[in-house]
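If you want the building blocks of each chain, they are given just below.
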Amino acid sequence: MSWSFRIAQVFGIDIKIHITFFLILILGAVQWGGPAGLSGAAFGVLLMLLLFTCVTLHELGHSVVALHFGIPVREIILLPLGGVAVIGRNPDKPLHELLIAIAGPLVNVVIAIILLLISGFAIGLNVLDGRGLLSGLQMTPSLSTLLVWLLSANLSLVIFNLIPAFPLDGGRVLRALLAMAMGYPRATVIASGIGQVAAIILGIVGVLSGNFVLALIAIFIFTGAGQESSEAQARTVLDTLRVRDAYNRHAISLTVGDRMSKVVGHILTSYQPDFAVTQGDRLLGIITREDVLRALNTETSDLYVTQMMRRDFVRVNADQSLHEVRDIMSEKGARTVAVYDNEQFLGLVSLEDIAEAFTVLSFVQRFEQRRTTAGSQPA
């Protein structure tokens with residue numbers, strides 16, 4: 001995600017902070033600085049930092065289980081509204097998704113238990129009375145206040161994340177359970193629909209109560225549920241076509257003697273953004289439009305294509321589905337991959353090619369549905 005920078009790396013996973021994250025620190029300083037002055041503002045910042053440490057551990061819970069099942073995790077990004085673990089692909093098995101989803105809230109349960117033991121059962125009993133978690137808590141910086149506040153925050157994270165609203169953890173648990181009985185596509189549609197209904201309810205409550213943070217969370221849930229539904233549709237459509245049926249058979253290729261100026265000419269006249277550099281039938285590397293623009297911006301000579309090409313390209317098999325290839329591209333962070341039939345290089349396929357194939361296939365399916373409907377109607 002743009003506007004993010006790395007602060008740590010755990011298990012090979014980059015922990016990043018989005019630039020907007022600092023808004024939550026300002027909010028903590030303002031909330032606690034009013035009654036307690038400068039010391040209260042510093043205390044509020046500390047609380048937010050500790051809270052997001054718990055959020056990071058929550059996301060690491062998801063990530064460690066995902067890694068255990070062979071699913072790559074590229075990064076964890078901390079935002080004002082929480083954290084996001086960027087997982088390379090969705091789990092193939094419902095049980096795996098179930099375990100990944102519940103791992104995050106379980107981490108918060110463990111943290112809450114530890115905090116309860118540290119703070120003492122007396123504080124726990126005072127907090128867990130009928131008036132709510134933070135009822136009667138004084139806005140005064142102290143160790144007991146810190147422990148009680150973090151305890152209630154972790155319990156709140158557990159309760160909130162287990163709401164069965166996609167794409168929250170509870171929604172993913174719901175989808176996993178449904179998928180065990182009806183498959184991923186139908187389960188995603190149902191879980192996404194429930195998530196959007198829940199988001200509308202949360203949004204109304206947030207607006208009527210003046211809780212605009214809740215309203216923002218509702219927008220996040222509604223949008224995320226819609227994206228997951230679209231992703232499930234794309235997965236179903238792209239599973240119907242092999243990559244050998246979608247790569248560009250008429251693409252322009254380059255040879256080792258070609259220079260940057262020739263690539264520029266091809267980009268201007270053919271609108272082809274990616275080029276294979278070959279020697280006979282062997283693929284040596286790939287040059288993208290971004291590579292050419294970067295060279296034009298930094299170099300002063302007309303480079304050979306072999307000086308600009310990327311030699312560490314990703315290979316895919318021609319018989320893999322477009323959905324599988326798109327997952328591989330997401331895992332590897334590659335926009336363009338090389339298509340092979342055993343050891344024979346066939347051509348290149350990009351994310352744009354897959355998106356175009358999805359658009360065309362979607363229209364073809366709608367066309368076939370209309371034909372079927374029209375053919376079934378009585379004359």
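To start, this report covers the structure provided alongside it. For clarity, every value in this text was computed on a predicted model and none was experimentally measured. (Residues numbered from 1 in each chain as written. Predicted model: local features only at pLDDT ≥ 70, side-chain atom pairs only at ≥ 80, totals over all residues. Heavy atoms only, no water.)

## Some thoughts on the overall build of the protein
1) Next: Along its length, the protein carries 12 helices and 10 strands.
2) Next: Oriented by its inertia axes, the alpha-carbon framework of the protein measures out at about 75 × 70 × 35 Å.
3) Next: For the protein, the proportion of its 379 residues judged to be buried stands at 44%.
4) Next: Within the protein, residue pairs in contact and separated by at least 24 positions form 61% of the contacts whose partners lie at least 6 positions apart.
5) Next: Each charge class in the protein was averaged separately, 27 positive and 29 negative side chains, and the resulting centres sit 1 Å apart. (Helix = DSSP H or I, 4+ residues; strand = E, 2+ residues; numbered from the N terminus. Buried < 20%, exposed > 50% of the residue type's maximum accessible area, 1.4 Å probe, protein only. Contact = heavy atoms within 4.5 Å. Lys, Arg positive; Asp, Glu negative; His and termini not counted. Charge placed at Lys NZ, Arg CZ, Asp CG, Glu CD.)

## Remarks on the nonpolar core
1) Next: Core analysis: the largest hydrophobic core is formed by 32 residues, its most contacted members being Phe21, Leu51, Phe52, Ile76, Leu78 and Trp149.
2) Next: Here this core takes 12 residues from helix 1 (residues 22–68), the largest share from any one element.
3) Next: Those residues within four positions of Phe21 in sequence are excluded, and the remaining contacts are Phe52, Leu78, Leu79 and Pro80. (Core = buried A, V, L, I, M, F, W, Y, C linked by side-chain atoms within 4.5 Å.)

## Thoughts on the sheet that holds strand 9 (residues 336–341)
1) Next: In spatial order, the strands read 8-9-10; together these three strands make up an open sheet with mixed pairing. Each edge of the open sheet carries a strand with a single partner, namely strand 8 (315–317) and strand 10 (344–350). Taking the axes of each pair of neighbouring strands and ignoring which way they run, one obtains an average angle of 40° across the sheet.
2) Next: Bridging between strand 9 and strand 10 involves six bridges; their strand directions are antiparallel. Bridge pairing links Ala338 to Leu348 in strand 10. (Pairing = 2+ DSSP bridges. Axes fitted to C-alpha atoms, helices over the stretch in contact; angles between N-to-C directions.)

## Side note on the environment of Gln307
1) Next: Looking at the secondary structure, you find Gln307 in helix 10 (residues 305–308).
2) Next: For the pair Gln307 and Arg259, spaced 48 residues apart in sequence, the C-alpha separation works out to 9.1 Å.
3) Next: At 2.9 Å, the side chain of Gln307 forms a polar contact with the backbone nitrogen of Tyr304. (Polar contact = N/O pair within 3.5 Å; in protein donor to acceptor, adjacent residues only side chain to side chain.)

## A short note on the side chain of Arg326
1) Next: Structurally, Arg326 can be placed in helix 11 (residues 322–332).
2) Next: Excluding its chain neighbours within four sequence positions, the residues that come into contact with Arg326 are Glu231, Ala234, Arg235, Leu238, Leu351 and Ile354.

## Points about the sheet that holds strand 1 (residues 4–10)
1) Next: The four strands are arranged 1-2-3-4 in an open sheet whose pairing can be described as mixed. In this open sheet, the two strands that pair with only one neighbour each are strand 1 and strand 4 (82–87). In this sheet, adjacent strand axes meet at a mean angle of 25° when their direction is disregarded.
2) Next: Two elements, strand 2 (residues 13–18) and strand 3 (residues 73–79), share four bridges in a ladder whose sense is parallel. For Ile15, the partnering residue across the bridge sits in strand 3 and is Ile76.

## So, the pairing of strand 3
Regular strands place side chains that alternate from one sheet face to the opposite one.
1) Next: Summarising burial for strand 3: six of the seven residues are buried, a large majority.
2) Next: When strand 3 meets strand 4, the two strands line up antiparallel, connected through six bridges. Paired with Leu79 across the bridge in strand 4 is Gly82.
3) Next: The turn linking strand 3 back onto strand 4 is made up of two residues.

## Here we look at the side chain of Asp291
1) Next: Relative to the helices and strands, Asp291 is located in helix 9 (residues 289–298).
2) Next: From its side chain, Asp291 meets the backbone nitrogen of Thr288 in a polar contact 3.0 Å long.
3) Next: The residues touching Asp291, leaving out its near neighbours within four places in the chain, are Ile286, Met308 and Arg310.

## Things to note about a nonpolar patch on the surface
1) Next: Judged by side-chain polarity, Trp3, Phe5, Ile7, Ile19 and Phe22 come together as a nonpolar surface patch covering roughly 530 Å² of accessible area.
2) Next: Locating Ile7 in the fold gives a position in strand 1. (Patch = residues over 30% accessible without salt bridge, like charges linked within 9 Å, V, L, I, M, F, W, Y side chains within 5 Å. Areas by Shrake-Rupley, 256 points an atom, 1.4 Å probe, with all protein chains shown as cover. Salt bridge = Lys/Arg side-chain N within 4 Å of Asp/Glu carboxyl O.)

## Quick word on the pattern of salt bridges
1) Next: Overall, the coordinates contain 14 salt bridges when judged by the stated rule.
2) Next: Residue Arg244 pairs with Asp319 through a salt bridge whose shortest N-O separation is 3.0 Å. Separated by 75 residues along the polypeptide, Arg244 in the loop between helix 7 (212–238) and strand 5 (253–255) and Asp319 in the loop between strand 8 and helix 11 bring together distant segments of the chain.
3) Next: A residue is classified by how much of its surface remains accessible, and Arg244, at 24% relative accessible area, is partly exposed.
4) Next: With its nearest N and O atoms 3.1 Å apart, the salt bridge here joins Arg294 to Asp291. Of the two residues, Arg294 and Asp291 are both situated in helix 9; the distance of three residues between them amounts to about one turn of the helix.
5) Next: According to the relative accessible area criterion, Asp291 is buried, its value standing at 6%.
6) Next: It is possible to trace a salt-bridge network through shared partners that takes in Asp274, Glu290, Arg335 and Glu352.

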